[in-house]
Amino acid sequence: MSLRKEGYLEKRGHIIKNWKLRWFILDGVCLTYTENNKTKRLCGRINLERAKIEESSELMKRPYTFALSCGTGEKKVFYITAPNTEEYQDWYNTLSKILKELEGAGR
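Since the model is a prediction, treat every value here as computed from it, not as a measurement.

Engineer: How would you sum up the overall build of the protein chain? Please name residues and give values.
Structural biologist: Looking only at helices and strands, the protein chain features 2 helices and 7 strands. Listed by position from the N terminus, the elements making up the protein chain come as β-β-β-β-β-α-β-β-α. Computed over its C-alpha atoms, the radius of gyration of the protein chain comes to 13 Å, within 12% of the 13 Å expected for a compact globule of 107 residues. Principal axes of the C-alpha set define a box for the protein chain whose edges measure 35 × 30 × 30 Å. By the burial criterion, 41% of the 107 residues in the protein chain qualify as buried. Here the contacts in the protein chain between residues at least 6 apart in sequence split such that 39% fall between residues at least 24 apart. Put simply, the protein chain shows about 6600 Å² of open surface, and 48% of that area lies on carbon and sulfur atoms. Separation between the mean location of the 20 positive side-chain charges and that of the 14 negative ones in the protein chain comes to 6 Å.

If you want it as structure tokens, here you go:
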């Protein structure tokens, strides 16, 4: 899988539930994020191998929001918001395609 995509999205914090703008980089089965597009220091990494995606705009009361739940057992959920409909659909469809391919490959 060699899909690559980059761009600004907002991510809700896990401890302090505020929203922060982050630069996201999708590279294959890994989604990483940094403070901005100039820094190389990672703020976090999301392994997509056991992830699920779902639309979450109503739940979070924020338009263009999706949730990535990762892992097994105690799942960690990442709430991510795109800046507009076009970006939302592009990220959501790209991530869904990767997750579907991983599911078909037997993760």
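Engineer: Please provide a residue-by-residue account of the layout of surface pockets, values included.
Structural biologist: Approximately 190 Å³ is the volume attributed to the largest pocket. Forming the walls of the largest pocket are K11, G13, H14, I15, I16, N18, K20, R22, Y33 and C43. Here the lining of the largest pocket is composed, by residue class, of 4 nonpolar, 3 polar and 3 charged.

Engineer: I'd like a description of the pattern of salt bridges, backed by residues and values.
Structural biologist: Between side chains of opposite charge, a pair can form as their charged atoms come close. Counting across every chain of the model gives 5 salt bridges. Taking the shortest distance from any N to any O, the salt bridge between D27 and R4 comes out at 3.3 Å. Separated by 23 residues along the polypeptide, D27 in strand β2 (residues 19-27) and R4 in strand β1 (residues 4-12) bring together distant segments of the chain. The exposure class of D27 is partly exposed, given its relative accessible area of 45%. Between K5 and D90 there is a salt bridge, with its nearest N and O atoms 2.7 Å apart. Residue K5 is located in strand β1, and its partner D90 is located in helix α2 (residues 85-104); the two are separated by 85 residues in the primary sequence. Accessibility expressed as a relative area gives 35% for D90, which makes it partly exposed. Taken together, the shared-partner salt bridges in this structure form one network comprising R4, E6 and D27.

Rules and cut-offs
- Residues numbered from 1 in each chain as written.
- Predicted model: local features only at pLDDT ≥ 70, side-chain atom pairs only at ≥ 80, totals over all residues.
- Heavy atoms only, no water.
- Helix = DSSP H or I, 4+ residues; strand = E, 2+ residues; numbered from the N terminus.
- Rg over C-alpha atoms; globule rule 2.2 N^0.38 Å.
- Buried < 20%, exposed > 50% of the residue type's maximum accessible area, 1.4 Å probe, protein only.
- Contact = heavy atoms within 4.5 Å.
- Areas by Shrake-Rupley, 256 points an atom, 1.4 Å probe, with all protein chains shown as cover.
- Lys, Arg positive; Asp, Glu negative; His and termini not counted.
- Charge placed at Lys NZ, Arg CZ, Asp CG, Glu CD.
- 1 Å grid on protein atoms, 1.4 Å probe; cavity = no way out; pocket = protein on both sides within 12 Å on 5 of 7 lines; lining within 4 Å.
- Points joined across faces, edges and corners; volume = space filled by probe spheres on them.
- Nonpolar A, V, L, I, M, F, W, Y, C, P; charged D, E, K, R; others polar.
- Salt bridge = Lys/Arg side-chain N within 4 Å of Asp/Glu carboxyl O.

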